[in-house]
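Next come the chains, spelled out residue by residue.
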Amino acid sequence: MSLFDETALFHGQQRQQLCLGAFVLRGFAFADAPALCEAVNRVTVQAPFRYMVTPGGFCMSVAMTNCGNYGWVSDSAGYRYDSVDPHTGQPWPAMPGIFIDLAQNAAAAAGFEKFVPDVCLINRYDPGTRLSMHQDKDEHDREAPIVSISLGIPAVFLWGGLQRQDKHIRIPLFHGDVVIWGGPARFRYHGVLPIKEECHTLTGKHRINLTFRKVEK
Ligand code: SIN
Ligand code: FE2
């Protein structure tokens, strides 16, 4: 069955099922996108985007920051969630109310009720940057889904299986699209192909991705 066959209208919105537990909600965040971008700008005044270093000593090409009770950080000691921003020595900025509402509503539309994220990892992709295939597995809460919001220039999202070598499909993601994966899909491999050069009125030459997670059990 092709992706197209699985597309269904859910409360008037286009909802694509990728597999059991994973959905794309087309345009779900479109109307709120200007407010989301403003909130990202406010967060990054307090916690600027930075290029983290992998445990292997490589500089990541995607710039990152966080808001919420914790933030995802990477350095020579490894990957972890930390309540303090190592860049400023301060707690991460609070999660804006609009972030929490949208993440919760998107999760509910995918069948995950009562999702209360405690972290939003904010990724900023420049043209040419990519995210290699990985699983999101640093969160202590293994039940809560991941909610991912795309803003700005488009990307091709790679959706794989539970093993790194499993085949993957390519899913184009546009400004305002939301992807949710949880339950049996929670530990599926995923990544992002190199971003093509484009310009968006709200984000300029960037793609911004917000991923909402629940770290604390
Ligand atoms: C991620 O896997 O953390 C981000 C995915 C994306 O940028 O779409
Ligand atoms: Fe991820």
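Trainee: Just checking my understanding: could you explain the site of ligand 1 for this structure?
Mentor: Around ligand 1, the neighbouring residues are Asn 123, Tyr 125, Leu 131, His 134, Ser 148, Phe 157, His 190, Val 192, Arg 207, Asn 209 and Arg 213. Contact distances for ligand 1 include 2.5 Å between an oxygen atom and a side-chain N or O atom of Tyr 125. Taking Arg 207, its side chain carries an N or O atom lying 2.9 Å from an oxygen atom of ligand 1. Among the elements that take part in the shell around ligand 1, strand S16 (residues 207–213) stands out by supplying three residues, more than any other. For the shell around ligand 1, the residue count by class is four nonpolar, five polar and two charged.

Trainee: So what exactly am I meant to see when it comes to the sheet that holds strand S13 (residues 169–173) here?
Mentor: By definition, the strands of a sheet pair up through backbone hydrogen bonds, in either a parallel or an antiparallel sense. Strand order across the open sheet formed by four strands is S10-S15-S12-S13, with antiparallel pairing between neighbours. The outermost strands of the open sheet, each flanked by one partner alone, are strand S10 (131–134) and S13. Taken pair by pair, the neighbouring strands of this sheet meet at an average axis angle of 20°, ignoring direction. Pairing between S10 and strand S15 (residues 190–192): two bridges, direction antiparallel. Considered in S15, the bridge of Leu 131 is made with Val 192.

Trainee: What is the right way to look at a positive patch on the surface in this model?
Mentor: A cluster of basic residues, Lys 137, Arg 142, Arg 164 and Lys 217, forms a positive patch on the protein surface. As for its position among the elements, Arg 142 is in the loop between S10 and strand S11 (146–152). The exposure class assigned to Arg 142 is partly exposed, which follows from its relative accessible area of 47%.

Trainee: Just checking my understanding: could you explain the packing of helix H2 (residues 33–46) against helix H3 (residues 97–109) for this structure?
Mentor: When two helices pack together, their arrangement is given by the angle between the helix axes and by the axis-to-axis distance. With their axes 9 Å apart at the nearest point, H2 and H3 run at an angle of 130° to one another. Considered as vectors, H2 and H3 are oriented oblique to each other. H3 is crossed by H2, and the crossing has left-handed handedness. From H2, Ala 35, Leu 36, Ala 39 and Val 40 reach across to H3, where they touch Ile 98, Phe 99 and Leu 102. Each residue belonging to the contact of H2 with H3 can be placed in one class, and the counts come to seven nonpolar, no polar and no charged.

Trainee: Can you walk me through the packing of aromatic side chains in this structure?
Mentor: Aromatic rings in a pair are described by how distant their centres are and how their planes are angled relative to each other. Scanning the entire structure with this criterion turns up five aromatic pairs. Counting every residue linked through ring pairs, the aromatic cluster contains Phe 157, Trp 159 and Trp 181.

Here is what the cut-offs are and how they apply
- Residues numbered from 1 in each chain as written.
- Chains lettered and ligands numbered in written order.
- Predicted model: local features only at pLDDT ≥ 70, side-chain atom pairs only at ≥ 80, totals over all residues.
- Heavy atoms only, no water.
- Near = heavy atom within 4 Å.
- Polar contact = N/O pair within 3.5 Å; in protein donor to acceptor, adjacent residues only side chain to side chain.
- Helix = DSSP H or I, 4+ residues; strand = E, 2+ residues; numbered from the N terminus.
- Nonpolar A, V, L, I, M, F, W, Y, C, P; charged D, E, K, R; others polar.
- Pairing = 2+ DSSP bridges.
- Axes fitted to C-alpha atoms, helices over the stretch in contact; angles between N-to-C directions.
- Patch = residues over 30% accessible without salt bridge, like charges linked within 9 Å, V, L, I, M, F, W, Y side chains within 5 Å.
- Areas by Shrake-Rupley, 256 points an atom, 1.4 Å probe, with all protein chains shown as cover.
- Salt bridge = Lys/Arg side-chain N within 4 Å of Asp/Glu carboxyl O.
- Lys, Arg positive; Asp, Glu negative; His and termini not counted.
- Charge placed at Lys NZ, Arg CZ, Asp CG, Glu CD.
- Buried < 20%, exposed > 50% of the residue type's maximum accessible area, 1.4 Å probe, protein only.
- Parallel < 35°, antiparallel > 145°, perpendicular 65-115°, else oblique.
- Left-handed = near helix turned anticlockwise from the far one by under 90°.
- Contact = heavy atoms within 4.5 Å.
- Phe/Tyr/Trp six-rings, centres within 6.5 Å; stacked < 30°, edge-to-face > 60°.

Read these as spatial facts, not as claims about activity.
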